[in-house]
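# Residue-level structure breakdown
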Amino acid sequence: MFKWLGILTDSNEKEIKRLEPVVAQINSLDPDFQRLSDAELRAKTDELKARLKDGETLDELLPEAFAAVREAAKRTIGQRPFDVQLMGGIVLHQGKIAEMKTGEGKTLVATLPLYLNALTGEGCHLVTVNDYLARRDAYWMGPIYHALGMSVASIYPQQNPDEHLPARLYDPDYTDEQDSRWPHFKPITRRQAYEADITYGTNNEFGFDYLRDNMALDLSQYVQHPLNYAIVDEVDNILIDEARTPLIISGAAEEATQKYYTFARLVPQLKRDEDYTIEERERQVYLTEPGMAKMERSLHQEGLLKAPSLYDPANYGLNRYMENALKAQVLFKRDRDYVVKDGQVLIVDEFTGRLMFGRRYSEGLHQSIEAKERVKIQRESVTLATITFQNYFRLYQKLAGMTGTAATEAEELYKIYKLDVAVIPTNKPMIRIDNPDQIYKDEDAKFKAVAKEIENLHKQGSPVLIGTVSIEKSEHLSDLLKRKGVPHQILNAKNHTGEADIIAQAGKVGAVTVATNMAGRGVDIILGGNPAERDEKDWQEEHDRVVEFGGLHVLGTERHEARRIDNQLRGRSGRQGDPGGSRFYVSLEDDVVHRFGGDRVKGFMDWAGFDENTPIEHSMVSKAIENAQVKVEGYHFDVRKHLVDYDDVVNKHREVIYAERKKILSGADLKANILSMVRDEIEGLVAARCSDDLVAPDYAGLLEDAAAVFPLPPELNPNTISQMKPKQITDKLVDYAEQSYEHREKEVGAENTRLLERLVMLRTIDSLWKDHLTAMDELRQRAGLYAVRQVDPLVVYKKEGHAYFDSLLASIQHDVANTIYKVSITKKEAPAQRQAQKVAVPAGRKVGRNDPCPCGSGKKYKHCCGR
Ligand code: ADP
Ligand code: MG
């Protein structure tokens, strides 16, 4: 049985074995590199760069590059990469995912391949999960790069009102007296940050910069270079957890909010199973035929129906309201999926349990929930640009990732990103003890037991880290602890910097830290607390005491839907061969157990003779729960795969449009292009009005149509053209159109004409592209309805999406041809640029009326673009 298991581990072992000779080679270079002076070490970079130019490959340079980084790291930050860290570095260079346990020093590992790949001068990116880590890691590793003559920068989201698109360069010659944490971080522009050899930043900022670049009206506004090489830290979090919500840049739109309220009023009349059915696991709800008929009747009474059938194209928009209203009504539960606070609907993050201020469900669902809760509907926004993380990260020439937990998701990472996972052994053997789950009948009994255990451990002096699935549960536990008089800290992944400081001390004697799952991620928990700025002897004593108590104890208060998240929590203990322990507490009321564990868990419990207060601890139950998790993981994978399948359709469109824009900005010859659009347009007009197979050609109508495109010469009249064949008419009109174009060009000047060409093309493309995105959104909603009729929605979406795209291209041609003769240049400042900025607000963060305007003017939003 389980033969394949052996094969899997074998292949990983073989892979690791293959790295050993390379590691040995790096080790053998050690003595030579130790002898180098600082200046000589620095000069290695120029030497390696020169050899790369002369034809040596990065693979050939790897051993020396790694030896150089190792020596620089030892001299600057006092950490000499271990052999296993070199292995991790090689795997990252190969464009794979390195699974390395928490505390193995992945931050340092990344410097090896980043340095090597930066030798090409094409820029390398390191992607972090939050703003704190984007700065900390660049700054922490800064001295290593600096010693080797490589520049390193950091980009991160806006932290204060004065600074739009913040970026910093690590520069020891610069000192900011105000900043005690990171004094040598010199403010620079985003563009400069991308010009650095190595750029650290959050996934959102990299993605938004990409989208913003592709909305720019001038090449000089571009900040990114072609995307070369990226290492994604905590890669499972970014490529899997975050991948469910795309990045969106949106602007405000006019919207008939009344419709949302109407639908919210109508939908509660529908009855479950009769009018609609719920697919609990997929979180989908479908109208039945009778339900549909009922809605049609109600909508007819409301005067909203434009044609009798909801399927009728005339009613397209309505489907979206209906589906969303229904979802909002039956699938989205207040205080579980969202909360209502100060008249706003706030999403609850299912991973961290915290409230996601400013984030909104997309495609009208948020508005529908607002209508259901009868709060004010926030203005709907239009998508100006959007991309999923999947498709953003696929843009890199080479992609790599690192994390403590990837192996369980290896299949997905391979199928979607073509990323292989290599499991790197730990530096020292792992000795943490993972205790079997304890299963309680209900939540109450479970939390009481957890609180009791915390109290015991705390009294004994052991540090404890408790993981919860939501803020509410953290608070509940906090209440229990307060009653017991146990001092503790709560983290909920809100203020990354402040929480980093707290978690850094979570290994102190008797420390009790309650954290929602992701809180404090990326920060090392050292037994005895953070040794920085501590008396060494004092710290050592505390450290030894904690080791004696058995290290850090991790208690999980619920099994998450994915095993990976549980493993992350466990992994906070037992770093670098530390002692430690972990245990999960489960109750039959927990989501995973009760939604997916099904009868197997319960059956077992009955068999075991379950009583109220004694927990059950049995590997069979743990196994059953794990099986449930595997099921849920599979389901979520399907959902994400689905998202990608759909996004792939739009992605092809995006590639074409963005490439076209870029060509325009790079000064492509637009004149020939535009004139050919005009010709096509004229051909179309001639065909419509007087093609040979028409009974009665309409010459006057044709001239009217043509005059709407370009100024017609007076000598052209219906009589003169009625003598000609359609082909001749076309040629004649095209001739005039071209003459008229040349004439205008002489009038306004060649340079201005080029500018106008560019502006008209860009404005037309941007505005129609935006409409296209909205239309594709709606198409997707509509395609979903086909599932009821046993037709694969994706097939419908692809087919119709293709037609939409063709019609987008046709519209661009039509609009350009119909605008180009009508625009002119006036003295006023070109309004185009301002217009684009006005709406370029990342949807992730809503701009308040009193916030600084995101256009960077320095004015308040309400006085600037938000007017
Ligand atoms: P990870 O990201 O893998 O969880 P970190 O990069 O946060 O790990 O590093 C964990 C700890 O290990 C840090 O305190 C770091 O200073 C330390 N560390 C990493 N590599 C080394 C090394 N080669 N020598 C000494 N300490 C190291
Ligand atoms: Mg880390």
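For the structure itself, consult the block above.
Residues numbered from 1 in each chain as written. Chains lettered and ligands numbered in written order. Predicted model: local features only at pLDDT ≥ 70, side-chain atom pairs only at ≥ 80, totals over all residues. Heavy atoms only, no water.

Our focus in this paragraph is the site of ligand 1. Taken together, 16 residues are adjacent to ligand 1, and Gln79, Gly103, Lys106, Thr107 and Asp524 come closest. One of the side-chain N or O atoms of Gln85 is found 2.9 Å from a nitrogen atom in ligand 1. Here an oxygen atom of ligand 1 and a side-chain polar atom of Thr107 are 2.4 Å apart. Looking at the shell around ligand 1 element by element, the count peaks at three residues for helix 5 (residues 106-118). Among the residues forming the shell around ligand 1, the class breakdown is four nonpolar, six polar and six charged. (Near = heavy atom within 4 Å. Polar contact = N/O pair within 3.5 Å; in protein donor to acceptor, adjacent residues only side chain to side chain. Helix = DSSP H or I, 4+ residues; strand = E, 2+ residues; numbered from the N terminus. Nonpolar A, V, L, I, M, F, W, Y, C, P; charged D, E, K, R; others polar.)

Among the surface-exposed residues, Asp535, Glu536, Glu541, Asp544 and Glu548 lie close enough to one another that they form a single negatively charged patch. Within the fold, Glu548 resides in helix 19 (residues 536-548). (Patch = residues over 30% accessible without salt bridge, like charges linked within 9 Å, V, L, I, M, F, W, Y side chains within 5 Å. Areas by Shrake-Rupley, 256 points an atom, 1.4 Å probe, with all protein chains shown as cover. Salt bridge = Lys/Arg side-chain N within 4 Å of Asp/Glu carboxyl O. Lys, Arg positive; Asp, Glu negative; His and termini not counted. Charge placed at Lys NZ, Arg CZ, Asp CG, Glu CD.)

For the rest of this paragraph, the subject is the sheet that holds strand 13 (residues 355-356). Pairing is antiparallel across the open sheet formed by three strands, whose spatial order is 11-12-13. The open sheet is flanked by strand 11 (338-341) and strand 13, the only strands paired with a single partner. In this structure, strand 12 (residues 344-348) lies alongside strand 13, joined through two bridges in antiparallel fashion. Paired with Ile347 across the bridge in strand 13 is Met356. Packing of helix 13 (residues 365-372) onto the sheet brings it into contact with strand 11 and strand 12, and relative to strand 12 it is tilted by some 125°. (Pairing = 2+ DSSP bridges. Contact = heavy atoms within 4.5 Å. Axes fitted to C-alpha atoms, helices over the stretch in contact; angles between N-to-C directions.)

Attention now goes to the environment of Thr408. Relative to the helices and strands, Thr408 is located in the loop between strand 15 (398-403) and helix 15 (410-417). In sequence terms Thr408 and Ala562 are 154 residues apart; their C-alpha atoms lie 9.1 Å from each other. Not counting the four nearest positions on each side in its chain, Thr408 is found in contact with Arg563 and Arg564. Here the side chain of Thr408 touches Glu409 through a polar contact of 2.8 Å, side chain to side chain.

Scanning the entire structure with this criterion turns up 68 salt bridges. As a salt-bridge pair, Glu205 and Arg190 come within 3.0 Å of each other at their nearest N and O atoms. One end of the pair, Glu205, is in helix 8 (residues 203-213); the other, Arg190, is in helix 7 (residues 190-195), with 15 residues separating them in the sequence. Here Glu205 and Arg190 have matching classes, each one buried. Two residues, Glu412 and Arg640, come together in a salt bridge whose shortest N-O distance is 2.7 Å. Taken as a pair, Glu412 in helix 15 and Arg640 in helix 22 (residues 619-665) lie far apart in primary sequence, 228 residues in all. Considered together, Glu412 and Arg640 belong to a single accessibility category, that of buried residues. Each of Glu234, Asp236, Asp241, Glu409, Arg521 and Arg564 takes part in salt bridges that share partners, so that together they form one network. (Buried < 20%, exposed > 50% of the residue type's maximum accessible area, 1.4 Å probe, protein only.)

This paragraph deals with the pairing of strand 2 (residues 124-128). Counted residue by residue, strand 2 has five buried out of five residues, so it is predominantly covered. Burial along strand 2 is two-sided: the residues Cys124, Leu126 and Thr128 and His125 and Val127 are all buried. Pairing geometry for strand 2 and strand 6 (residues 198-202), over five bridges, is parallel. By the bridge assignment, Cys124 is partnered in strand 6 with Ile198. With four bridges connecting them, strand 2 and strand 7 (residues 229-233) associate as parallel partners.

Once that is clear, we can look at the packing of helix 3 (residues 58-77) against helix 4 (residues 83-93). Running from N to C, helix 3 and helix 4 point in directions that differ by 140°, and their axes come no closer than 11 Å. The angle between helix 3 and helix 4 places the two elements in the oblique class. Crossing angle aside, the handedness with which helix 3 passes helix 4 is right-handed. Each of Leu58, Asp59, Leu62, Phe66 and Arg70 in helix 3 lies in contact with helix 4, whose residues at this interface are Asp83, Leu86, Gly89, Ile90 and His93. Looking at side-chain class alone, the contact of helix 3 with helix 4 contains five nonpolar, two polar and three charged residues. (Parallel < 35°, antiparallel > 145°, perpendicular 65-115°, else oblique. Left-handed = near helix turned anticlockwise from the far one by under 90°.)

On to the side chain of His125. Within the fold, His125 resides in strand 2. Among the polar contacts made by the side chain of His125, one reaches the side chain of Tyr396 at a distance of 2.7 Å. In this structure, His125 is in contact with Leu114, Tyr194, Thr199, Phe206, Leu227, Tyr229, Ala230, Ile231 and Tyr396, ignoring residues within four places of it in sequence.

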